[in-house]
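Below are the chains, spelled out letter by letter.
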Amino acid sequence: MAKLTPEILEQMKKQKVYSLATASKDGVPNVVPVGMLIPQEDGSVWIIDNYFDKTLANMQENPKAAFYVWNPDCAESWQIKGSLQIEDSGPDYEAAAIYAHMIKETFPAKHLVKMNVEEIYYVTPGDHAGKRIE
């Protein structure tokens, strides 16, 4: 399991929208904008599903995903990859739904997707681009 560094966590606070990539079991890619992607104290990342369609189908078929952290103020940027667990009940799901409804009451908060962060790579241009953070 890879660990989100303090620098990554700080930049995630500034990120408004993430590009979340999934793929079907046959490898057909899908990328969607996601606004509710929240790092957790245990090192996982919560992703709230308000409007996933192909994305949810991909997650069910192939429980892996990736996103990147980048904003104009970032000195570095990173690609984060991990495995997924989908929940639609339980205390964590309820907490995620409350969070979504605080942002906008009409968000459906259909699922909570928990990502176990497994790999982190630099994506900033330069000598370390593509190198894995250990």
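In case you missed it, the structure is sitting above this.
This write-up is about the structure you can find in this document. Everything numeric in this text was worked out from a predicted model, so none of it was measured.

Analysis parameters
- Residues numbered from 1 in each chain as written.
- Predicted model: local features only at pLDDT ≥ 70, side-chain atom pairs only at ≥ 80, totals over all residues.
- Heavy atoms only, no water.
- Helix = DSSP H or I, 4+ residues; strand = E, 2+ residues; numbered from the N terminus.
- Contact = heavy atoms within 4.5 Å.
- Salt bridge = Lys/Arg side-chain N within 4 Å of Asp/Glu carboxyl O.
- Buried < 20%, exposed > 50% of the residue type's maximum accessible area, 1.4 Å probe, protein only.

## Quick look at the environment of aspartate 49
Counting through the fold element by element, aspartate 49 comes out in strand β4 (residues 45-49). For the pair aspartate 49 and histidine 128, spaced 79 residues apart in sequence, the C-alpha separation works out to 33 Å. With residues near it in sequence (within four places) discarded, aspartate 49 still touches Leu56, Ala109, Lys110 and His111.

## Considerations on the pattern of salt bridges
If you walk through the whole model with that rule in mind, you get five salt bridges. The salt bridge partner of glutamate 10 is lysine 13, with a shortest N-O separation of 3.7 Å. Of this pair, glutamate 10 and lysine 13 are both found in helix α1 (residues 6-14), three residues apart, which corresponds to roughly one turn of the helix. Among the residues examined, glutamate 10 registers a relative accessible area of 37% and is labelled partly exposed. Lysine 64 is paired through a salt bridge with glutamate 118; the nearest N and O atoms lie 3.0 Å apart. Linking lysine 64 in strand β5 (residues 64-69) with glutamate 118 in strand β7 (residues 111-122), this pair joins segments that are 54 residues apart in sequence. Looking at lysine 64, the relative accessible area reads 42%, which means it is partly exposed. Residue glutamate 118 is classed as partly exposed on the basis of its relative accessible area of 23%. A single salt-bridge network, built from bridges that share partners, covers Glu87, Asp92 and Lys114.

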